[in-house]
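Each chain, written out:
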Amino acid sequence: MLVLVINSGSSSIKYQLIDMKNEKVISKGLIERIGIEGSRMKHRKNDERFTIERNIPNHEVGLSLLLDVLQDEKMGVIKDLSDIKAVGHRVVHGGERFAGSVRIDNEVLKAIEENIKLAPLHNPPNIAGIKAAMKLLPDVPQVAVFDTAFHQTMPKIAYLYAIPYEYYEKYKIRRYGFHGTSHRYVSKRAAEILGKRYEELKIITCHLGNGASIAAVKYGKSIDTSMGFTPLEGLVMGTRSGDLDPAIVTYLQEVENLSANEVYEILNKKSGVLGLSGISSDMREIEDGALEGDPTARLTLDIYEYRIAKYIGAYAAAMNGIDVIVFTAGVGENSPILREEICENYLEYLGIKIDKKKNDVKGEEVIISTSDSKVSVLVVPTNEELVIARDTKEIVERNLREL
Ligand code: ADP
């Protein structure tokens with residue numbers, strides 16, 4: 001069974017075609033600069049790489065190009081479109097309605113559209129991708145997999161903010177959390193690697209990419225996570241501030257004569273690692289700078305690590321203990337120095353011990369703690385596309401059985 005996984009952003013479509021017989025990716029790529037001059041598609045068939053320069057004004061044209069390329073004699077991997085048995089879509093915001101993945105019909109589409117209020121930047125391109133796929137592949141089942149769904153198990157004590165309760169009732173202002181597909185995948189995978197039952201473990205997952213979040217997964221369920229009503233809350237990120245005193249927002253508006261939107265942009269796009277360092281949002285450059293003795297880069301890295309360590313402490317309290325810590329995503333998978341410094345500088349009191357040699361890896365599944373460490377610490381590369389494909393396959397097969 002071939003499943004096409006689609007992740008539509010505002011000006012891009014990332015895709016993977018996965019053969020679910022062996023879960024192998026048979027083709028993947030990226031359509032970028034949709035609606036912008038210089039749009040193109042980067043496509044991979046096994047180890048062969050192709051770039052197609054083409055005017056791609058919208059998501060439908062992009063998806064149509066993708067379907068042509070997948071069937072192309074030279075670049076393609078399928079005979080015709082009937083080889084694609086299902087499409088899985090990443091959808092950022094499922095609100096309180098979706099606690100799991102669902103088959104998309106008109107009613108589900110409407111519910112996703114209602115969540116545009118909560119995710120005005122993310123849900124519209126997701127919807128554009130879904131609509132294009134429904135039009136171009138009308139007989140193929142489509143499934144939505146939500147970034148927020150895994151965190152719907154959070155209890156009220158974790159998801160309610162201490163503001164007048166009516167705002168929760170009127171506007172659904174609460175913590176939702178994001179990166180749920182990643183937190184779900186790496187926490188489960190860690191239990192498998194350790195040969196332990198997922199339902200018996202207290203796991204903290206650190207998803208450290210451009211966007212970053214941390215989650216407390218107790219006995220297989222997310223009970224708290226650092227991103228909140230929007231992805232702005234929590235850890236220091238590439239360009240997002242993460243936690244701050246909300247009074248800074250109104251203060252900045254006043255002293256810099258800024259609009260609410262301008263402050264929002266500063267906190268989302270000009271803050272975090274970029275804002276602190278003035279160098280870059282890319283952790284590689286910060287690490288290099290810190291290793292070369294640049295004090296600003298060193299301070300930025302210290303603040304980034306300190307925030308993560310504080311959250312680990314908080315979630316150890318939230319779960320009344322920890323068995324496992326997992327590092328994942330761009331920074332988590334590829335930065336031995338960051339993992340070592342967080343564990344050695346802050347987490348010794350939890351009985352955590354890191355094996356420096358084992359920790360000297362990038363992008364591999366590995367247990368980096370010593371055998372006598374009280375908490376197992378792992379690196380687990382995330383794979384959100386695989387989770388989307390698995391959920392899609394499961395839902396489509398369940399639907400078929402019910403017919
Ligand atoms: P996204 O959130 O966009 O999916 P990724 O998970 O791909 O992001 O993470 C991207 C980030 O990972 C980059 O901005 C960079 O800071 C970081 N990164 C990638 N490789 C390394 C590395 N070797 N060392 C440190 N950081 C890295």
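This section reports on the structure supplied with the text. (Residues numbered from 1 in each chain as written. Predicted model: local features only at pLDDT ≥ 70, side-chain atom pairs only at ≥ 80, totals over all residues. Heavy atoms only, no water.)

Here the phi dihedral of lysine 172 falls at roughly 60 degrees; this positive angle occurs in a residue that is not glycine. Note on placement: lysine 172 falls in the loop between helix H5 (165-171) and helix H6 (180-194). On the basis of relative accessible area, lysine 172 is assigned to the partly exposed category, the value being 33%. We note that tyrosine 219 has phi near 50 degrees; this positive angle belongs to a residue other than glycine. Structurally, the position occupied by tyrosine 219 is in the loop between strand S10 (212-218) and strand S11 (221-225). (Helix = DSSP H or I, 4+ residues; strand = E, 2+ residues; numbered from the N terminus. Buried < 20%, exposed > 50% of the residue type's maximum accessible area, 1.4 Å probe, protein only.)

In this section: the layout of surface pockets. The calculated volume of the second largest pocket comes to roughly 670 Å³. A total of four residues in the lining of the second largest pocket trace back to one element, the largest contributor, which is helix H8 (residues 260-269). Counted by class, the lining of the second largest pocket contains 12 nonpolar, three polar and two charged residues. (1 Å grid on protein atoms, 1.4 Å probe; cavity = no way out; pocket = protein on both sides within 12 Å on 5 of 7 lines; lining within 4 Å. Points joined across faces, edges and corners; volume = space filled by probe spheres on them. Nonpolar A, V, L, I, M, F, W, Y, C, P; charged D, E, K, R; others polar.)

So, on to the pairing of strand S2 (residues 12-19). Extensive coverage of S2 is indicated by the burial of six of its eight residues. Turn length for the strand S1 (residues 2-8)-S2 hairpin, with the two strands adjacent in sequence and antiparallel, is three residues. Summarising the sheet, S2 and strand S3 (residues 24-32) pair through eight bridges and their orientation is antiparallel. In the sheet register, isoleucine 18 faces S3, and the bridge partner there is valine 25. (Pairing = 2+ DSSP bridges.)

This paragraph deals with the environment of isoleucine 193. Position of isoleucine 193 among the secondary structure elements: in helix H6. Accessibility expressed as a relative area gives 26% for isoleucine 193, which makes it partly exposed. Taking the C-alpha atoms as reference points, isoleucine 193 and glutamate 60, 133 residues apart in sequence, are found 40 Å from one another. Excluding residues that lie within four positions of it along the chain, isoleucine 193 makes contacts with Glu365, Ile367, Leu378 and Val380. (Contact = heavy atoms within 4.5 Å.)

On to the site of the ligand. Near the ligand the following residues occur: Gly209, Asn210, Gly211, Asp282, Met283, Arg284, Glu287, Ala329, Gly330, Val331, Asn334 and Lys362. Taking glycine 330, its main chain carries an N or O atom lying 2.9 Å from an oxygen atom of the ligand. Asparagine 334 is positioned such that a nitrogen or oxygen atom in its backbone is 3.4 Å from a nitrogen atom of the ligand. Its free accessible area being 580 Å², the ligand has 70% of it covered by the protein chains. Sorting the residues of the shell around the ligand by element identifies helix H10 (283-291) and helix H12 (329-334) as the ones contributing at least two each. Of the residues contributing to the shell around the ligand, the split by class is three nonpolar, five polar and four charged. (Near = heavy atom within 4 Å. Polar contact = N/O pair within 3.5 Å; in protein donor to acceptor, adjacent residues only side chain to side chain. Areas by Shrake-Rupley, 256 points an atom, 1.4 Å probe, with all protein chains shown as cover.)

Let us look at the nonpolar core. Core analysis: the largest hydrophobic core is formed by 44 residues, its most contacted members being Leu208, Tyr304, Ile312 and Ile325. When contributions to this core are tallied by element, the ones reaching two or more residues are strand S9 (202-208), S10, H10, helix H11 (295-318), strand S12 (324-328), helix H13 (336-346) and strand S14 (376-379). Looking at this core, the element that brings in the most residues is H11, giving nine residues. Ranked by size, the runner-up nonpolar core spans 26 residues in total, among them Ile6, Ile52, Val69 and Met75. (Core = buried A, V, L, I, M, F, W, Y, C linked by side-chain atoms within 4.5 Å.)

Another aspect to go through is the packing of aromatic side chains. By the definition in use, this model includes seven aromatic pairs. When the centroid spacing of 6.0 Å and the interplanar angle of 50 degrees are considered together, the rings of tyrosine 159 and tyrosine 168 count as tilted. Residue tyrosine 168 is classed as buried on the basis of its relative accessible area, which comes to 11%. Note on tyrosine 306 and tyrosine 346: the rings are 5.9 Å apart at their centroids and 50 degrees apart in plane angle, and the pair reads as tilted. One end of the pair, tyrosine 306, is in helix H11; the other, tyrosine 346, is in helix H13, and 40 residues separate them in sequence. What makes tyrosine 306 partly exposed here is its relative accessible area of 43%. By relative accessible area, tyrosine 346 is classed as partly exposed at 29%. Ring pairs connect the aromatic residues Tyr159, Tyr165 and Tyr168, which therefore count as one cluster. Cation over ring: lysine 172 sits above tyrosine 168, and NZ or CZ is 4.8 Å from the ring centre. Between the NZ or CZ atom of arginine 174 and the centre of the ring of tyrosine 159, over which it lies, the distance is 3.6 Å. (Phe/Tyr/Trp six-rings, centres within 6.5 Å; stacked < 30°, edge-to-face > 60°. Lys NZ or Arg CZ within 6 Å of the ring centre and 35° of its normal.)

Take the packing of H10 against H11 next. As a packed pair, H10 and H11 sit with axes 7 Å apart at the nearest point and diverge in direction by 120 degrees. On the basis of the axis angle, H10 is oblique to H11. Remark: the crossing between H10 and H11 carries left-handed chirality. On H11, the residues touching Met283, Ile286, Gly289 and Ala290 of H10 are Ala297, Arg298, Thr300, Leu301 and Tyr304. By residue class, the composition of the contact of H10 with H11 is six nonpolar, two polar and one charged. (Axes fitted to C-alpha atoms, helices over the stretch in contact; angles between N-to-C directions. Parallel < 35°, antiparallel > 145°, perpendicular 65-115°, else oblique. Left-handed = near helix turned anticlockwise from the far one by under 90°.)

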